[in-house]
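The primary structure of each chain is shown beneath.
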Amino acid sequence: QVQLEESGGGLVQPGGSLRLSCAASGSISNFDYLGWYRQALGQQRELVARITSSGQTYYVSSVKGRFTISRDNAKNTLFLQMYSLRPEDTAVYSCRVFKDAGRDYWGQGTQVTVSS
């Protein structure tokens, strides 16, 4: 069992930056897939970015060039650096680590609000 805790969310003005962290209670080095998801009010949850054990990354088109996902296996932490934030980025952001059906863990989420 791995517990995940996100931090770094908050209120930021349009054009601002935030760095989200997802701290794991155990090692993340064996997980093949780590990702950040978000869910805006009244909308379905969507994948924002993911990174594999080999370092390959994927970003949803709306955040390409603005967000960067990274992992620090030594610190058991996943990050999401967000630049040039827009009001439409407002959502609850959650992290996920996945190995297989029996090892699929989610954090509780952290609120990101982009507003002037």
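This section reports on the structure supplied with the text.

### Notes on the state of the cysteines
In the structure shown here, the tally under the stated rule is 1 disulfide. Note that Cys22 is cross-linked by a disulfide to Cys95, the S-S spacing being 2.0 Å. Across the S-S bond linking Cys22 and Cys95, the dihedral sits near 65 degrees, which makes this disulfide right-handed. Of this pair, Cys22 sits in strand β3 (residues 18-24) while Cys95 sits in strand β9 (residues 91-100); the two residues are 73 residues apart in sequence, bridging distant segments of the chain. Given the relative accessible area of 2%, Cys22 is considered buried.

### Description of the side chain of Ser94
Positionally, Ser94 belongs in strand β9. By relative accessible area, Ser94 is classed as buried at 9%. The contacts of Ser94, once residues within four sequence positions are left out, are Glu6, Gly35, Trp36, Tyr37, Trp106, Gly107, Gln108 and Gly109.

### What to know about the nonpolar core
Membership of the largest hydrophobic core comes to 31 residues, with the highest contact counts inside it found for Trp36, Leu80, Met82 and Tyr93. Those elements that provide at least two residues to this core are β3, β4 (33-39), β5 (46-52), β7 (67-72), β8 (77-82), β9 and β11 (110-114).

What counts and how
Residues numbered from 1 in each chain as written. Predicted model: local features only at pLDDT ≥ 70, side-chain atom pairs only at ≥ 80, totals over all residues. Heavy atoms only, no water. Disulfide = S-S within 2.5 Å. Helix = DSSP H or I, 4+ residues; strand = E, 2+ residues; numbered from the N terminus. Buried < 20%, exposed > 50% of the residue type's maximum accessible area, 1.4 Å probe, protein only. Contact = heavy atoms within 4.5 Å. Core = buried A, V, L, I, M, F, W, Y, C linked by side-chain atoms within 4.5 Å.

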